[in-house]
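# An overview of the molecular structure
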There are 2 protein chains.
Amino acid sequence: MNSKLSAPPVPETMQCVRVVLSQTSHPGNIGAAARAMKTMGFSRLVLVNPRTFPDPQAVAMAAGADDVLGGVRICHSLGEALSGTVLALAMTARRRELATEPAWARDAAGECATIAAQGEIALVFGNETSGLSNAELALCNRWAMIPANPAYTSLNLAAAVQLVCYELRLALLAVPPAPTIPGAGLLATHDQIDRLIDHFEQAAVESGFLDPEKPGRLILRLRRFFSRAGLEQEEVSILRGLLSSFKTPTSKRYR
Amino acid sequence: MNSKLSAPPVPETMQCVRVVLSQTSHPGNIGAAARAMKTMGFSRLVLVNPRTFPDPQAVAMAAGADDVLGGVRICHSLGEALSGTVLALAMTARRRELATEPAWARDAAGECATIAAQGEIALVFGNETSGLSNAELALCNRWAMIPANPAYTSLNLAAAVQLVCYELRLALLAVPPAPTIPGAGLLATHDQIDRLIDHFEQAAVESGFLDPEKPGRLILRLRRFFSRAGLEQEEVSILRGLLSSFKTPTSKRYR
């Protein structure tokens, strides 16, 4: 038996992981998710517009994980919940139109573990019935699925949290501390990418490329690309500098 | 994305797996375990002396897995529940005295997947609070642990079922169909090993080696060894033949 698996992992990497539950309907699931997180060594739980929280059912289902519940942060949008992250992994129970091919949870956890040394990671779970909306998915950098029985993919929310936290725990324990590479770029955070996309949108409207009355899917497409692309902070600065340089008042077609 | 993971696995190997819940206290956990099993493609649930079953709470927690609940088999002993198996994997949340070193769930699932081609497999889970008794552990061939946070190992029962079924599903999907090896022996079933141990006990009492008034741990030790050893059916026959040959009425010391 490899004793490494029962050893406490490097605290920094466990602490840089947050679990984000968006639009959760049942408070019991929030409590059960807190318990599942704690069994795998994670403690940071963020709720986006929970229907009912706090609630005695959450406390009952948390068993001994009331410390996790006590530390919950409540946000009013997924964007707010992802602030400061360099990687947000969205869990989905089905393949989506428009989405790039999702990874399996195990492979995605491996990628998260590698990136965890560089910044904050979010594991994102949607509503019990409807999952994450397409708009929410577009805010995340990666999508992953649990390889469930195709005839019955209906995992309970806390069960999905349990599985993904388990995979991430094992992946974090297996990853040696990342070497410091001189000159390696810092990954851009969710917020920096958000501002970059706002900048693109503004520039596209100003240039007349984008009609704000009929925006279509342009911004969503840009967001998908930049969310996936692993932008570094310096690259964001370069792109934003470029965008600023394009600003020519004469090109405003729609104002 | 490897499409193999979402493909239905070879039906025979999924169907030769039973999940055994012993002495379960809360019927809701039975329902949630049924749901967890079905999401991973397993359907055979065996209950040993459940406190309350059937029960509406079990149905409520099973969500769409009422077919699994409908097929439940209830047994009055773990031995009865293991009848016909060639490998019983006991899950335990802690290291035990006397037990051999447990495997991690992932490695144990790999072994189960390899053996599933040869016969029936049981995944065995104990009571929510106390787990499996030492006597129950001794009836199983392997022990495994989930590599949980050492500071909080308290997984919900259904969450543990979810994780172990997930690992076994992935392991079964990864294992190519076993080649047929001419002359390879059939593994002995739980029942055949049981009768072998009874035979040993009887022979040991008759020979005077074992005082039935002070049996000590001899039988438990024998059971542990033979449960672990991967006995083939022919080897059981040989051992029982040998034991029968030792029967000499003159050596009875305690009768």
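Before reading further, recall that the structure is shown in the block above.
Residues numbered from 1 in each chain as written. Chains lettered and ligands numbered in written order. Predicted model: local features only at pLDDT ≥ 70, side-chain atom pairs only at ≥ 80, totals over all residues. Heavy atoms only, no water.

## Digging into the sheet that holds strand β6 (residues 120-125) of chain B
Backbone-to-backbone hydrogen bonds join strands into a sheet, with any given pair of strands oriented parallel or antiparallel. Residues and elements named next belong to chain B. Going by this rule: Each pair of strands is called paired provided DSSP finds at least two bridges between the two strands. To qualify as a helix, a DSSP run of H or I must reach at least 4 residues; to qualify as a strand, a run of E must reach at least 2; elements of each kind are numbered from the N terminus.
Ordered by their spatial adjacency, seven strands build an open sheet running β3-β2-β1-β6-β4-β7-β5, and the pairing between neighbours is parallel. The two strands at the open ends of the sheet, each matched to only one other strand, are β3 (73-75) and β5 (103-104). Looking at chain direction, strand β2 (residues 44-48) and β3 are connected through three bridges and run parallel. When the sheet's bridge partners are listed, V46 is paired in β3 with R73.

## What to know about the pairing of strand β1 (residues 17-22) of chain A
Residue and element names in this part refer to chain A. Heads up, the condition is: For every residue, the accessible area (1.4 Å probe, protein chains only) is compared with the maximum for its type, and the residue is labelled buried under 20%, exposed over 50%, or partly exposed between those bounds. We call a crossover right-handed when, viewed with the strands running away from us, the connection from the first strand over the helix to the second turns clockwise.
Taken across its six residues, β1 has six buried, putting it largely inside the fold. Residues V17, V19 and L21 line one face of β1 and the alternating positions R18, V20 and S22 line the opposite face, and both faces are buried. Here β1 runs beside strand β6 (residues 120-125); their pairing, made up of five bridges, is parallel. Pairing of V20 across the sheet is with V124, part of β6. Note that β1 and strand β2 (residues 44-48) share five bridges and pair parallel. Within the sheet, the bridge partner assigned to V20 lies in β2 and is V46. In this fold, the crossover linking β1 to β2 by way of helix α2 (residues 27-39) has right-handed handedness.

## Overview of the relation of the copies chain B and chain A
This is how the line gets drawn: We place the copies in one frame by least squares, fitting the C-alpha atoms of every residue whose pLDDT is at least 70 in both. Contact criterion: two residues are considered in contact whenever any of their non-hydrogen atoms come within 4.5 Å of each other.
When chain B is fitted to chain A, the best match, at an RMSD of 0.1 Å, comes from turning it 180 degrees and sliding it 0.0 Å along the axis. Those values place the two copies in the arrangement expected of a two-fold rotation axis. An overlap of 100% is found between the interface residues of chain B and their copies at the interface of chain A, pointing to a shared contact surface.

## Here's the deal with the packing of aromatic side chains
What counts, and what does not: Centre distance within 6.5 Å is the pairing criterion for rings of Phe, Tyr and Trp, where only the six-membered ring of Trp is used; planes under 30 degrees apart are then read as stacked, over 60 as edge-to-face, and the remainder as tilted. Any Lys NZ or Arg CZ found within 6 Å of a ring centre and within 35 degrees of that ring's normal is scored as a charge over the ring.
Taken as a whole and judged by the stated rule, the model has zero aromatic pairs over all chains. In this structure, K38 of chain A is placed above the aromatic ring of Y152 of chain B, and the distance from its NZ or CZ to the ring centre is 4.7 Å.

## Overview of the interface of chain B and chain A
Rules: A quick way to say it: buried area is the sum, across both parts, of accessible area lost when two parts are put together, with a 1.4 Å probe. The salt bridge criterion pairs a side-chain nitrogen of Lys or Arg with a carboxyl oxygen of Asp or Glu, the two atoms within 4 Å. Counted as a polar contact is a pair of N or O atoms within 3.5 Å, where, for protein atoms, one must be capable of donating a hydrogen and the other of accepting one, and residues adjacent in sequence contribute only when both atoms are in side chains.
Contacts between chain B and chain A engage 39 residues on the former and 39 residues on the latter. Taken together, the two surfaces of chain B and chain A that pack against each other cover about 3400 Å², and 63% of this comes from carbon and sulfur. Where chain B packs against chain A, one counts two salt bridges. Notably, a salt bridge pairs E167 of chain B with R106 of chain A, separated by 2.9 Å at the nearest N-O pair. Our count for the chain B to chain A interface comes out at 20 residue pairs in polar contact (both at pLDDT 80 or more). At the level of secondary structure, the elements contributing two or more residues to the side of chain B that touches chain A comprise α2 (27-39), β5, α6 (105-115) and α8 (157-174) of chain B.

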